[in-house]
Amino acid sequence: MLDKHFLEKETAAQLLGERTKREGTLRAWAAASRNWAPRFSLSFAHQYRQEYAQANQWMREACELTNNNWTKSYCMATFAEMLGQQYQSATAERVAVDANALIALSETNATLNWQLVQIARAKFRLSMLASTNLRNSGKWDKALEAAKEAQKHARNAMQAATKDSKINRILTATDLSEATSRGTAISRDLGQFNEAELSLASHLRLAREVELPALQRQFIYESAANLRYFQREFSAAEKLIRSADKMSAEMGYDTLHPWRIAKTRLLMMALGGQKRWTDAATELARIDGLATLPTQQARVKMGYERGLVYLHAGRAAEAAPLFQSIAQHNRKIFGETHLFTANALGLQGAALWRAGKENDKPQALALLKQSMHDQQLPANADFAENHGLRKEIRNLIFSAYLEAIAATPGENAADALGIADWVRGGVVQGALADAAVRSAATDPGLSDLVRQDQDAKNEVAALRGYLSGEAGGFASPLPEIATKMRERIALVEQVRTSLRAKIKLQFPDYDRLVRPVAPTSSAVVEGLEPDEALVMLLPTDEAIYVWATSRGSAPVFSRVAIRQEDLNKDVAALRQTLQVVTTKEGKRLPDFNADLSHRLYEQLLGPVSKVWINKKRLVVAAGGSLGQLPFGLLLTESAPGIASGQPAQWPWFIKQLSITHVPSVTAWLSTKQFAKSQSAPEALMAWGDPIFSLSANAVNSTSSRAVVDSVAGASQDGMWVRDLEINTRNNVSELDVEIGSPAGSSDGLNMEVRARPAYGDVLSRLVDTADELREIARSLQANPKKDLRLGLEATRASVIDANKSGELRRKRVVAFSTHGIKAGDIPGLNQPALALAVTSNTERNWGSSLLVLGDVLGLKLNADWVVLSACNTAASDGLAEEALSGLARGFFYAGARSLVVTHWSVESVSAKELMVATFDHYTRNPLAPKAESLRQAMLKVMNMPRYSHPFFWAPYALVGDGGR
């Protein structure tokens, strides 16, 4: 009766989240009884506080006091898992062996439900231990498999517990919650966001169905918050982490508990991601005000987060020593040139420079130079992925570096063009590298080397995570274990160096894609033709940096004092005048903002325009939101000088010279190498008008062509206005669903989890694209029946088959006339893609109908042109640079010399006119550069009165090599 009394009290406290009351009850129970259960639970309480000696003592007592083999097997399996979390892997394995022996002994005699529950829970714990050990050794895929195995055993335990006691049902549900949370975290760390989303959704469903303890419910929020932060969804991360912290407070965890401090750190970074550093400083001040004891002050030190807050709050002098300390720590843990060390050095340099003390500036510049050099090392290519605040940190350091060299006598900011290009490329490098690794599987020789390198990389990452105390939130391992880990890291790094050397020697194109090196100024000039100039623009938080160069002239550098936030607003405002709007009278195009167009030209290009005087071609590498604008629509003269006639008469930049856009200077130089090879022998292969649903209505439907109703004439300010009915190629929108509250919960566990919409519901058919491709085939003298894949034939499988047969490599022009999909448009899609037709096998799982970046990297092309006549293949939001860079570099790696992409949804009839005119000019002028053929087509279409608004002719951009 005594044990039952205490069990009921402890269960009630656990369900209510009353942590302090529950622990008091457990201690009283342990003092009054020889029962194993309170000691078992007290062990976890100490484990959570990282008080390992007490935790292990309680667990040993618990296992000794168990009175049957079923319970003892579970207790020992749990003890093994706890030891594994404490880095005591050898001891954990010995205990696990004994636990397995007990499981085998007791399993044959298990007949009662509670016995089956204990056996299944013991297997769950050992699977969790296996997952921990595999994750520690960098075997992430196998760690995920082990986590799923743990989920299976937890479900078996839940099934047996349905016929058993209420407490066992709660405990087994808690096990399943823990295993699911582990699966979400590993999928997130692997970059498998779709898998992580599904795991999170499963966790939420469990919370709906089962009365989970408050502790597990707050873990769901925390897991979701970390996933959103990792995905750079900072606002959502903030909301979720605040909910998790509120629940922790309601459970009795004080503000300075390690768990809540960890939540505060994530909250500060999520606020920083929203540029709300003042709010982050408020959170920091709140925590500091509570930490009065030395032990508490040590707990809230948070050097990295504190340093960033200080740096953004005008307290750079206070931030510098914090980053210096972090750099020293990172050198010890990670090495002299590791990215984490380089970032700390760069942040220290930025803090010293911005503190403004003249005596510190030489040291600041030296640190910034060292940081930029080390960040570009091939070994640090592993960390190029754009997760969390890595992009912001990289840009902050680079901005300080540019400020320093621009203000230091003897330094030349114009020489930083190559480093600036590398910084821009880092935005997409992670997705490219991941896709490249997957595509390497098609080449056995490369695949083996890449797999070995990935295994070694993961092992090193896991070992370093444990050395830094990051893994699982536990403290760093004991000194003797740490020494062995460092010795293992050194050995594995030697193996990686050898593997990378082999990859670079045997597969140089792959190496350049995965580990790009910043180009030198001389290499850039040598890559330019005599009639060609190059301009690169890099927006940062405080300013826009512009470089321009050409043969025969000195490179020019300009710092434009426009904040990135203001630039984004200007670009959005200009694009707004390029979008169809719906009024009571119908659809129409607004007046184009000529004043803003000219102001952007004057601010961004005016200071460096002397570089392209007397040139015929311009190569543009534009970063940030500037990647959303085709530069041909900028006006070179002010609005008062514009004639009041048709827009065709206005001084568009495209009238001066042809323009080629490039995702990066590095990628452009690579395409120059491809351009030297002989062109493919056959004209065309194209995919268009794909079917997105197999229903009869969708397959047989037709869409009307655009109808231009009337010209309304000039408005009072002389701008041109037109009433339109337009069939645009629309973009996919992300759809969210809400999974509601668990039964009986009071916290309202509501959270948005991405749900995949039906393919045919969100993608409209593009019937007019079939006509467009037939006209292009006529212009190129291709065979429409043989060279076009239309409707149901426009499948991903047909692209893969054409690649395998070698047919694709024989084509000079490869075209895809369909919807373009950005990373993030579809839940779990972390790479750009092209939408192709469904089949009976892919309609239910429509992600398999997409031609994704990984597929593109596996293609073998020898194409002068790849035409992506699709909506937003150059993107139209904050992901523009990533989408265009990733897709373009993927096609370049596959063997394309240039791409034609679109910056907004295009109108079908004018699209056909422009693309046909492009290839007509290219065919009839055998010496004409591709960029010139596109320019001439734009000029032709803009001179058609009904298409003179830039909405019709300006969305197209040639990306890559603009030459012949």
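Analysis parameters
- Residues numbered from 1 in each chain as written.
- Predicted model: local features only at pLDDT ≥ 70, side-chain atom pairs only at ≥ 80, totals over all residues.
- Heavy atoms only, no water.
- Helix = DSSP H or I, 4+ residues; strand = E, 2+ residues; numbered from the N terminus.
- Buried < 20%, exposed > 50% of the residue type's maximum accessible area, 1.4 Å probe, protein only.
- Contact = heavy atoms within 4.5 Å.
- Areas by Shrake-Rupley, 256 points an atom, 1.4 Å probe, with all protein chains shown as cover.
- Phe/Tyr/Trp six-rings, centres within 6.5 Å; stacked < 30°, edge-to-face > 60°.
- Axes fitted to C-alpha atoms, helices over the stretch in contact; angles between N-to-C directions.
- Parallel < 35°, antiparallel > 145°, perpendicular 65-115°, else oblique.
- Left-handed = near helix turned anticlockwise from the far one by under 90°.
- Pairing = 2+ DSSP bridges.
- Salt bridge = Lys/Arg side-chain N within 4 Å of Asp/Glu carboxyl O.

**Let's talk about the overall build of the protein chain**
In step 1: Across its full length, the protein chain carries 38 helices and 20 strands.
In step 2: Within the span of the protein chain, comprising 964 residues, buried residues form 60% of the whole.
In step 3: Considering only intrachain contacts with a sequence separation of at least 6, the fraction spanning at least 24 residues in the protein chain is 72%.
In step 4: On the protein chain, roughly 37900 Å² of surface is accessible, and the fraction owed to carbon and sulfur atoms is 51%.

**Quick notes on the packing of aromatic side chains**
In step 1: For the structure on display, the rule yields 24 aromatic pairs.
In step 2: Judged by centre distance (5.2 Å) and plane angle (40 degrees), the ring pair of Y253 and W259 falls under tilted. Comparing Y253 with W259, the two get one shared label, buried.
In step 3: When the ring of W652 is compared with that of W953, the centres are 5.2 Å apart and the planes differ by 75 degrees; the resulting orientation is edge-to-face.

**Overview of the packing of helix α18 (residues 339-355) against helix α20 (residues 390-407)**
Working note: a packed helix pair is described by the angle between its axes plus the distance between those axes.
In step 1: Following both chains from N to C, one finds α18 and α20 inclined at 45 degrees, their axes separated by 9 Å at the closest point. Classified by the interaxial angle, the pair formed by α18 and α20 is oblique. Considering only the axes of α18 and α20, their crossing is left-handed. Between α18 and α20, the residues in contact are F340, N343, G346, L347, A350, W353 and R354 and R390, I393, L396, I397, S399, A400, E403, A404 and A407, respectively.

**A closer look at the sheet that holds strand β15 (residues 820-821)**
In step 1: Here we have three strands laid out as an open sheet, ordered β15-β16-β17, and antiparallel in their pairing. The strands lining the two open edges of the sheet, one partner per strand, are β15 and β17 (850-852).
In step 2: Here β15 runs beside strand β16 (residues 833-835); their pairing, made up of two bridges, is antiparallel. Each residue of the ladder has a partner; that of I821, found in β16, is A833.

**Quick notes on the pattern of salt bridges**
Side chains that carry opposite charge are capable of pairing whenever their charged atoms lie near each other.
In step 1: One pass over the structure, following the stated rule, counts 44 salt bridges.
In step 2: Note that K152 is salt-bridged to E149, the shortest N-O span being 3.0 Å. Residue K152 and its partner E149 are both found in helix α8 (residues 140-161); the two are separated by three residues, about one turn of the helix.
In step 3: Residue class for K152 comes out partly exposed when judged on its relative accessible area of 38%.
In step 4: Note that R796 and D855 form a salt bridge whose closest N and O atoms lie 2.9 Å from each other. Here D855 lies in helix α34 (residues 853-857) and R796 lies in helix α33 (residues 796-805), a separation of 59 residues in the sequence.
In step 5: Taking the relative accessible area as the measure of exposure, R796 reaches 28% and is therefore partly exposed.
In step 6: D855 gets classed as buried once you look at its relative accessible area, which sits at 13%.
In step 7: Among the charged side chains, a salt-bridge network with shared partners connects E238, R242, R276, D279, E283 and R286.

**Looking at the packing of helix α26 (residues 564-576) against helix α27 (residues 594-605)**
In step 1: Axis separation between α26 and α27 bottoms out at 10 Å; the angle between their running directions is 140 degrees. As far as their axial angle goes, α27 and α26 are oblique. Two packed elements cross with a definite hand, and for α26 against α27 that hand is left-handed. Seen from α26, the contacting residues are L567, D570, A573 and L574; seen from α27, they are L596, S597, R599 and L600.

**Re the pairing of strand β2 (residues 544-550)**
In step 1: Of all seven residues that make up β2, seven are buried, and the element is covered over most of its length.
In step 2: Residues I544, V546, A548 and S550 line one face of β2 and the alternating positions Y545, W547 and T549 line the opposite face, and both faces are buried.
In step 3: Bridge count for strand β1 (residues 532-539) against β2 is seven bridges, and the pairing is antiparallel. Counted as the bridge partner of L538 is Y545 from β2.
In step 4: In sequence, β1 turns back onto β2 through a hairpin of four residues.
In step 5: Where β2 meets strand β3 (residues 553-560), six bridges bridge the pair, whose relative direction is antiparallel. Bridge pairing in β3 places I544 opposite V560.

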